[in-house]
Every structure is written in C-alpha cells, then in structure tokens.
Amino acid sequence: MKVLNFGSLNVDYVYQVDHIMLPGETQSSTQRNVFAGGKGLNQSVALAKAGLPTYHAGQVGNDADGEMLLQVLKRNGVDCSLVNRIDGPCGHTFIQVDKDAQNCILLFGGANRCIDAVYRKEVFSHFSAGDVIVLQNEINDLDQVIDEAYEKGMMIVLNPSPFDAYLDRCDWNKIDVFFINEVEGAQISGKETAEDILAWFREHHPKALVVLTLGGAGSCCMKDGQVYRQEVIPVTAVDTTAAGDTFTGFFMRAYLGGQTIPEALALAARASSVTVSRPGAAESIPAMAELDG
Ligand code: RIB
C-alpha cells in the first residue's frame, strides 16, 4: 500500500501581528519568517514522519523557492520523484499570526493551479487499487483528480480546505475519509454544533469516515454512525499553522495501521499539540519518536 498526496506546495510568509488585520487598517508586524508550507506539503511531511510510505505529486516553480520546498519534502522522507517543476512562481501565502497564536491565511495558487491532464495521467500510472490518495482544495481540477483516483480504485481522503464554490464540482460520494475543522464543517453543512455537523454527514455521506477537529474543544470521528471523542492536549500554543495537516497525517498512520479510532484520535491529538507549540508549518511537525510515552 502506497500513499499519494496530490496537493499544494507553498512558501509561507508568516507575519507576527498584535491582532488579525481589520478592513482598511495598517499595522506594523513585529517579525517575519519564511517557511515551507502548503496543506499538501504539510500533510505529506506528517504522513512520512508518522511512518507511511509517502509520495508527493504537485507542482513548484523552477526557481530557488521550488528547490527549497523540494528539499524540505526530501529531508522529511517524502518521495518527490513525481513532483513537477514548471516555469512560473510557486504557490505562496501571507499568514498573520496574532498574540494568541491564531492565524489567517491569504493564498496565491501559482504553480499549484497549473496542473494538466498529461501530468495527472503520468502520476496515476504509478498507483493502483488499494493505494491511498490524500487531497486538499489547493490545486486546480480537483474534481478530475478525484474521478481519476476513483477509477483506479484508490482510497480517497479529502480535506476540503479552503472551502469554496469549486468543491461543488467534486463528487463527494467518491470520498472515503473527510478531514474537516469546525469552520469548514459549518460552511459545508450550514450547521453550528459538532453534533449537527456530524448528523449532516450521516445523512448525506453515510459510508464516509468523518474526522472533525474542534480547536480547543478537541476532535471527534464518526465511523459507521458511531461517534468517538478526543479531548485536546493542553500546551502553550505559539502558531496553529499546520495543526490540522499534522492531525490528518498521524490519524491516517494509525488508521491504516489497523489501530482503533480512539487510538488514532489520541495519536493525532498528541502530534498536533506538538505542532502548535512550535512556529511554522512543515518544520513544526514532530517525528513519531517524539510522541512516545
Ligand atoms: O494548513 C496550513 C497551510 O495552509 C499553510 O502552510 C499554508 O501554506 C496554507 O496552504
């Protein structure tokens, strides 16, 4: 079984601010850092650090930014042989992190949004039924990627983030596992509470496994109609960027490894508590060995 993450690679420009900007406001930031990120890249790093054989597919620019993103993937044990390099800028973000470690992210797709059918065909030629594909909504033609993975008979894992109208084109009945946070859950279902969001999924996607992260209120998972809960592990948060991506990688490691849902939730919660206690995205994700004990 191989895990393919077909997803975004971004350069994250992270600005430390007193508070998240208001419309029309000018504010001085106190610090700027440049990190490797992108939901796809972060999830690939988490999957590989958790111990899964992980292949990343996606696109970067033919420049120093692209090289930096590839080096981070390689350093963390991700197979990058399928990543494509193109003429044009890498995807990048502007991220504000406030004094309570909350963030907001402005995304520019760049190379992530120039993926074509020829490249997709080449990527899928390396995978077969029983392999797993992990997806987010930061690349173009996500609906095609889902359809092609389904044709192959792959297990399809989707983090529908960022949530936008493009997701309406995707056939959600082909998704085996959803990872969503409480904001996305409310946007998708039109419901407010975790119970109501899960009830919406139970009605509309009864066969899917649904993992819902709830920030400080922990997380829960619904499988075959049964709901399991996990409390948050208290730490001093520095930067919440990539916490959800870490959760995805470590949950999938435990789940694919045959562990129970409560065990998978507990491992993912431990891993993401470490991620939020460190600055940055991919580089803040812990190794499995750090979670022992
Ligand atoms: O999930 C966090 C990631 O979202 C960041 O690394 C940023 O690049 C955006 O894609």
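For the structure itself, look to the data block above.
Definitions and limits used
- Residues numbered from 1 in each chain as written.
- Predicted model: local features only at pLDDT ≥ 70, side-chain atom pairs only at ≥ 80, totals over all residues.
- Heavy atoms only, no water.
- Axes fitted to C-alpha atoms, helices over the stretch in contact; angles between N-to-C directions.
- Helix = DSSP H or I, 4+ residues; strand = E, 2+ residues; numbered from the N terminus.
- Parallel < 35°, antiparallel > 145°, perpendicular 65-115°, else oblique.
- Left-handed = near helix turned anticlockwise from the far one by under 90°.
- Contact = heavy atoms within 4.5 Å.
- Nonpolar A, V, L, I, M, F, W, Y, C, P; charged D, E, K, R; others polar.
- Phe/Tyr/Trp six-rings, centres within 6.5 Å; stacked < 30°, edge-to-face > 60°.
- Buried < 20%, exposed > 50% of the residue type's maximum accessible area, 1.4 Å probe, protein only.
- Lys NZ or Arg CZ within 6 Å of the ring centre and 35° of its normal.

1. Points about the packing of helix α1 (residues 39–50) against helix α2 (residues 64–75)
A pair of packed helices is characterised by two quantities: the angle between their axes and the separation of those axes.
At step 1: Close contact between α1 and α2 brings their axes to 9 Å; oriented N to C, the two are set at 20°. Compared by their axis directions, α1 and α2 come out roughly parallel. Classified by chirality, the crossing of α2 by α1 is left-handed. Across from Leu41, Ser44 and Val45 in α1, the residues of α2 making contact are Leu69, Val72 and Leu73.
At step 2: Looking at the contact of α1 with α2, its residues break down into five nonpolar, one polar and no charged.

2. Focus: the packing of aromatic side chains
At step 1: In the structure shown here, the tally under the stated rule is ten aromatic pairs.
At step 2: A ring pair is formed by Tyr55 and Phe127, whose centres lie 5.7 Å apart and whose planes are at 85°; its orientation type is edge-to-face. Taken together, the residues Tyr55 in strand β4 (residues 54–57) and Phe127 in the loop between α3 (117–124) and β9 (132–136) connect sequence positions 72 residues apart.
At step 3: Its relative accessible area of 23% is what places Tyr55 among the partly exposed residues.
At step 4: Aromatic pair Trp172 and Phe178: ring centres 5.2 Å apart, planes at 40°, arrangement tilted. In this pair, the class of Trp172 matches that of Phe178, namely buried.
At step 5: Site record: aromatic cluster; members linked through ring pairs are Trp172, Phe178, Trp200 and Phe201.
At step 6: A cation over a ring is seen here: Lys2 above Tyr55, with NZ or CZ 5.5 Å from the ring centre.
At step 7: The ring of Phe127 has Lys2 sitting right over it, with the charged end atom 4.9 Å from the ring centre.

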